[in-house]
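Analysis of the macromolecular model
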Amino acid sequence: MENKDFSQEDAAEKLERELEEKKAAEKKQAAVDWRNKQKNSHRFMLFGTIVEILVSIAIFLVLFILTALLLFRVFHAGENAVGQTIFMVLTLVIFLAGIVGGFFIYKAIARWVIIKFNLQDKLLKDVLQHYIKDESEDERKA
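Now for a description of the structure that goes with this document.

Let us look at the nonpolar core. Formed by F44, Y106, A110, I114, L119, L123, L124, V127, L128 and Y131, the largest nonpolar core amounts to 10 residues. Put simply, the parts of the chain that give this core at least two residues each are helix 2 (81–116) and helix 3 (125–131). Beyond its immediate sequence surroundings of up to four residues, Y106 is in contact with G48, T49, E52 and Y131.

Counting through the fold element by element, H76 comes out in the loop between helix 1 (2–74) and helix 2. Among the polar contacts listed, one links the side chain of H76 to the backbone oxygen of R73, at a separation of 3.4 Å.

Across all of its chains, the model carries 8 aromatic pairs by this definition. Ring plane angle 85° and centroid distance 5.7 Å describe the contact between F44 and Y131, whose orientation is recorded as edge-to-face. With F44 in helix 1 and Y131 in helix 3, this pair connects stretches of sequence that are 87 residues apart. Here the two residues F44 and Y131 agree in accessibility, since each one is buried. Every member of this aromatic cluster is reached through a ring pair, and the members are F60, F64, F72, F87 and F95.

What counts and how
Residues numbered from 1 in each chain as written. Predicted model: local features only at pLDDT ≥ 70, side-chain atom pairs only at ≥ 80, totals over all residues. Heavy atoms only, no water. Core = buried A, V, L, I, M, F, W, Y, C linked by side-chain atoms within 4.5 Å. Buried < 20%, exposed > 50% of the residue type's maximum accessible area, 1.4 Å probe, protein only. Helix = DSSP H or I, 4+ residues; strand = E, 2+ residues; numbered from the N terminus. Contact = heavy atoms within 4.5 Å. Polar contact = N/O pair within 3.5 Å; in protein donor to acceptor, adjacent residues only side chain to side chain. Phe/Tyr/Trp six-rings, centres within 6.5 Å; stacked < 30°, edge-to-face > 60°.

Structural data, given as structure tokens:
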């Protein structure tokens, strides 16, 4: 009779150990998944920042060239000090427009890339919330 009790206790301990090992394996896999999402999110943000800088520079250059052509070739404003002052002020405005425009275009590109390549399950929730608005959040505010 003692042998049966002993084997039942061994079976219970074995089952308990298997459950603990399974929980530990799940916990380890969850940690690995989180690290992968974190790594992917960092890469996405790095390449996104590079894209934002390039888009901002492109917008700035296009606006700068158009403004220079309009002021100096069409309106001949470079012949006097007032025209040069206008060009300097417009250069500052163009620079700010390049930064702001680059930000908006970058955000639209990032949103499109996340949806197009189905990156929702590969990026951290914080990164996703920055680029993709949650409809349930809008409903809670209303």
